[in-house]
Structure formats: C-alpha cells, structure tokens
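# Examination of the molecular architecture
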Amino acid sequence: MYEKKPVGWKKHIDFVLLDFFLMHVSLVLGFLIRLGSGLLSLFRVYAASALLMSLAFFMVILFHEGYKNIMKRGPYAEFAALLKQTVIIALTTVLMLYLTKSAEDTSRISIVLTFILYICMSYAARLLFKNYLRSKMLSNTGDRSLIVICMEHNAEKFVERVKNTTYEMNISGIIIADKDLTGSEVAGIPVVSDLDGAAEYVCRSWVDEVFIGRETYISQREKIENFAHACSTMGITVHTMLFSLGEEGDTMFAERFAGFWVVSRSAAVVNSRDMIIKRCMDIAGGIVGCLLTVILTILVGPWIFIASPGPIFFAQQRVGRNGKPFKIYKFRSMYMDAEKRKAELMAKNKVQDGLMFKMDDDPRIIKGIGHLIRDLSIDEFPQFFNVLKGEMSLVGTRPPTMDEWEKYELHHRKRLAIKPGLTGMWQVSGRSSITDFEEIVRLDTQYIEDWSIGLDIKIIFKTILVVLKKDGAQ
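These lines cover the structure that appears in this document, whether it is placed above or below. (Residues numbered from 1 in each chain as written. Predicted model: local features only at pLDDT ≥ 70, side-chain atom pairs only at ≥ 80, totals over all residues. Heavy atoms only, no water.)

## Describing the nonpolar core
Formed by 27 residues in total, the largest nonpolar core has its most connected members in Phe57, Tyr67 and Ile89. Mapped onto this core, the elements with two or more residues apiece are α1 (13-35), α2 (43-63), α3 (75-99) and α4 (108-139). Looking at this core, the element that brings in the most residues is α2, giving nine residues. When residues no more than four places from it in sequence are discounted, the contact partners of Phe57 are Val16, Asp19, Phe20, Met23, Tyr67, Gln85, Ile89 and Tyr118. (Core = buried A, V, L, I, M, F, W, Y, C linked by side-chain atoms within 4.5 Å. Buried < 20%, exposed > 50% of the residue type's maximum accessible area, 1.4 Å probe, protein only. Helix = DSSP H or I, 4+ residues; strand = E, 2+ residues; numbered from the N terminus. Contact = heavy atoms within 4.5 Å.)

## Re helix α15 (residues 437-449)
With 13 residues, α15 ought to run about 18 Å at 1.5 Å a step, and its terminal C-alpha atoms sit 18 Å apart, in line with that. By the burial criterion, the buried members of α15 are Phe437, Ile440, Val441, Leu443, Asp444, Thr445, Tyr447 and Ile448. Packing partners of the buried residues in α15 comprise α10 (272-307), β11 (393-395) and α16 (453-468). (Expected span 1.5 Å × (residues − 1).)

## Remarks on the sheet that holds strand β1 (residues 144-150)
What links the strands of a sheet is backbone hydrogen bonding, and the strands pair in either a parallel or an antiparallel sense. Strand order across the open sheet formed by six strands is β3-β4-β2-β1-β5-β6, with mixed pairing between neighbours. Strand pairing shows two members of the sheet lacking a second neighbour, β3 (185-186) and β6 (237-240), which therefore form its edges. Sheet topology note: the β1/strand β5 (residues 209-212) ladder contains four bridges and is parallel. The partner of Ile147 across the bridge, within β5, is Val210. On top of the sheet, helix α5 (residues 155-163) reaches β1, β2 (169-176), β3, β4 (189-194) and β5; it is set at about 155° to β1, its chief contact. Here helix α8 (residues 221-234) sits on the sheet and contacts β1, β5 and β6; the angle it forms with β5, its principal contact strand, is near 165°. (Pairing = 2+ DSSP bridges. Axes fitted to C-alpha atoms, helices over the stretch in contact; angles between N-to-C directions.)

## Side note on a positive patch on the surface
Together, Lys11, Lys72, Lys157 and Arg161 give the surface a local cluster of positive charge. Structurally, the position occupied by Lys11 is in the segment before α1. (Patch = residues over 30% accessible without salt bridge, like charges linked within 9 Å, V, L, I, M, F, W, Y side chains within 5 Å. Areas by Shrake-Rupley, 256 points an atom, 1.4 Å probe, with all protein chains shown as cover. Salt bridge = Lys/Arg side-chain N within 4 Å of Asp/Glu carboxyl O. Lys, Arg positive; Asp, Glu negative; His and termini not counted. Charge placed at Lys NZ, Arg CZ, Asp CG, Glu CD.)

## Observations concerning the environment of Tyr67
By the secondary structure assignment, Tyr67 is in the loop between α2 and α3. Considered as a pair, Tyr67 and Glu78 are 11 residues apart in the sequence and their alpha carbons are 9.6 Å apart. Setting aside residues no more than four positions away along its own chain, Tyr67 makes contact with His12, Phe15, Val16, Asp19, Phe57, Ile61, Arg73, Gln85 and Arg126. Side-chain polar atoms of Tyr67 contact the side chain of Gln85, separated by 3.3 Å. (Polar contact = N/O pair within 3.5 Å; in protein donor to acceptor, adjacent residues only side chain to side chain.)

## Things to note about unusual backbone geometry
A negative phi holds for most residues other than glycine; trans holds for most peptide bonds. Phi is positive for Asn322, which is not a glycine, with a value near 55°. With respect to the helices and strands, Asn322 occurs in the loop between β9 (313-319) and β10 (325-331). For Asn322, a relative accessible area of 44% puts it in the partly exposed group. A positive phi is found at Ser377, a non-glycine position, where the angle reads about 60°. Taking the relative accessible area as the measure of exposure, Ser377 reaches 11% and is therefore buried.

## Some thoughts on the pairing of β9
The pairing of β9 with β10 spans seven bridges and is classified as antiparallel. Bridging across to β10, Phe314 finds its partner in Lys330. Hairpin connection from β9 to β10: five residues lie between these consecutive antiparallel strands, with Asn322 at a positive phi of about 55°.

## Description of the pattern of salt bridges
In this structure the tally under the stated criterion is 15 salt bridges. When the shortest N-O distance is used, the salt bridge between Lys223 and Asp196 registers 3.3 Å. Note that Lys223 is positioned in helix α8 and Asp196 in the loop between β4 and α6 (198-204), a separation of 27 residues in sequence. Under the relative-accessibility criterion, Asp196 is labelled exposed at 60%. Here the salt bridges do not stand alone but share partners, grouping Asp19, Arg73, Glu78, Arg126 and Lys130 into one network.

## Let's talk about the packing of aromatic side chains
A full pass over the atoms with the stated rule returns 10 aromatic pairs. Here the aromatic rings of Phe79 and Tyr123 are separated by 5.4 Å at their centres, their planes lie at 85°, and the arrangement is edge-to-face. In this pair, Phe79 sits in helix α3 while Tyr123 sits in helix α4, placing the two residues 44 residues apart along the sequence. You can call Phe79 partly exposed: its relative accessible area is 36%. Overall, Tyr123 belongs to the partly exposed group, its relative accessible area being 21%. Taken together, the aromatic side chains of Phe15, Phe129 and Tyr132 make up a single cluster linked through ring pairs. (Phe/Tyr/Trp six-rings, centres within 6.5 Å; stacked < 30°, edge-to-face > 60°.)

## So, the packing of α10 against α16
Where α10 meets α16, the closest approach of the two axes is 10 Å, and the angle between their N-to-C directions is 25°. On the basis of the axis angle, α10 is roughly parallel to α16. In contact with Asp274, Ile277, Lys278 and Met281 of α10, α16 contributes Ile453, Asp456, Ile457 and Ile460. (Parallel < 35°, antiparallel > 145°, perpendicular 65-115°, else oblique.)

And the structure:
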C-alpha cells in the first residue's frame, strides 16, 4: 500500500506545526513579560488573542505559500520569507482583534513582543530543523527502504540527486540496468543486483519502493515493464521518472487528460484557489470601478461630446487571452478619425516594428479634455466593465490591437498566456518611458512566470502611486 505524498503546505506539515507551537510559546512569553503574574486574571483576554492569532495563522497558511521551496532557501531568503509571513499574520490578527472589539482589552506591547519573539524563535528553529533534515538526507537514514534502478554512466549523479531530495527515504540498494556490477558501490550505496535478478532480490529483501530512471525505462522498456509487473504482484510501489523538473523547470507536470495520463507543459502553473481569489478581486474591483465609471461619465461625458461631437465611449477590437478577440471600452480621448490617421503617423512611432503605438504630442488626442483624462488615466475606467465580464483582469498584460497581433513573433505570444489587465508589470516599471517592445515582453513574461496574489496586490498599489504622480502617462 502506498501513501500518496501531500502537496502544498501539507507537504511541510512539520514546519507548519513547529511554527504554530512557537507562535503560542511566543504569545505566552509576550503576555508574561508584559503582565507578569497578572496573566491569570486576564486569561479571557489571552484566550481571545490566542484563538484569533490561531485563525490568522491558518488563514495565512492557506492563502500564502510561505512554505514553498522551504528546503531550498538559504538563511537570508528564509529570514525574508519568515518576516513577510509574520507581518501578514500580525496584520490579520490586529484586524480580527479590532473587528471583534477585543483590541481595547489586549495589550499592544504584548502583541508586539509576541511577534518579535516569534520571528527570533521560528527563524532559529527553522534553520536548525533544516540542518537536521539535510543531515538525514546525507546520512541516508530514512524510515523507508528505496531501491534505485538507473544506467551505469549517470548512476552516481542520479543517486546523489535522489539522496539529496528524499530525507524520508533510505536508499538501500542500486540496480544497474545495462551492466552487472553487483557487489560494487555507487556514491556509497551497494549495487545489489542486475536487472535480470532484480525481481528475485526485491522479493527477498526489505524494499518499500522502487525508483526507475527515465533513460533506463526507454532503453530497457520490456525488461522494466516485466519487473514493474512483478513488483505490482508483490505489492511494492514503483515510481517511473517521466521527466526531470530540474532540467525542464516547474512548468511540467503529469495529469489525466481525456482519460489518458499525459505530461503537460505550460508557461506557468497556478492552482484553482489562487485563481478563485484573483477572480473575486476582479469582481470586487470591477463593481467599484463600474460605479466610479458611471459618476465619471456624468462629469466628463458632456465635456468630451462638446469638444469632439460623437460617442463618449470608444470600443475597439483587441486580442485577449490565448488569442481570443474581445471589445475593449474606453472614454474617447481622440478625435473621431483617429484610427484612419494612425497609418499616417506610424513614422513617428516610438516603438520599433510597430508592435505597439506610442508617440509624443499625438495630434489625434482631443485638445483639453483628451489630454486631461489621459494624464489622470480616466480614459481607462470603462475597462472595469471588461473586468466584470471576465474578459480582462485588474492586473495582467496590455491587450494588443488586431494589427499589432498580426506582427507578433512566436515568443511575443507568451504575453497572451493570461487575461489582459487594466495594469501590469510594464505599466508600473516606466509606462511610456519604455519604448522597446522586447523589454515590455520581458516584463510581461516575468509577471506570468512569477505570478502570485501578492504580486497582483503589489502592482495595484504601485499603479495607484504611478497614476497619482502622473508618472509617464500619455
């Protein structure tokens, strides 16, 4: 019987429980330092703080991937990750204390002391625990026995990698598939059999699981299939490597598709929980933005019409996620013949190859109101309707026009792997000062590959600052 490995934060439940325990130790110490013997008389206040802090802790654990790649982080990266997680827990706790009206009874100094102590103790505990786990990996003293089957030419490298990444496993033996090296050693691990005698050896030995290298499976497929069937008959779990994440990146994964097991490859992989949160943020922001758009329509709509008779709103066909076309909405900031005049002005385009259009003192912009609503980014507000409809997101990449899309090269299309957004990485990194389209593509690609809810929130706040400063608007 095989116990499937947990994923996400559950994969590091040992670190989670360690942090949870130390947080409560810190809370007790914080109250004792501040209140001393008076703690018992204020037990109700302490209990309320402990409960709310616990809720805050698990809320942050669920929605903030603070334990991702924890074993790969060095001391500095670990401290930065712990500090970020602690600040979020502290802010969530303070908010909950305020909402439950418990803040008045709770000592602020106790709470501050609690999180200072927590950072110190948790940081030291994490470093010590990681050193223990790494020493366990190197000493090969896991609780489960693993047999590794690989080829002779890469056996040492392969075994070292397995040993350095599976602290719960004990590599008890190696089987070389393309040569009989029984009795020798590889990376300090004995070679216990050749492939022909592998089933017999496994039958007579302590073996919990078997791990087969990808190259071994390809070159010795028939023998490996027979051996795997024998292991299944004996009730032994067999893992067959499909690909190497270390070589291909974290964008490859195995899943079921149309009833088949497949290896999927993508620019970035996200989970349903984060996408639900992102969509909820879009809906909330979209509702507020649409209400503001209605108010702005009353204020600037007549002004636009008087300055340039015609529709107040401008609708244009744009290219959305993965090439799906949609209509984008804006307050009209240009004269009615702007699209026709664009071809005449292409020679003054600041962006090379015509993959975007940007120019100084664009004569198509309506004098007065057109420049004003662009400087204040008011012209973008009707796009909140696109956000509410699900065609756009609050944060994403700039949607190209149809003529820009037709000029895209292969690597440019990666920008469209996500929904287009009202704002994005390039908008908060210089806006109109960036005229190199390849730099825009690089920033958008970086956003896609590094995407997280935290990054979206950071970009939203940066966008607000950029707009208030009128930084680079055109």
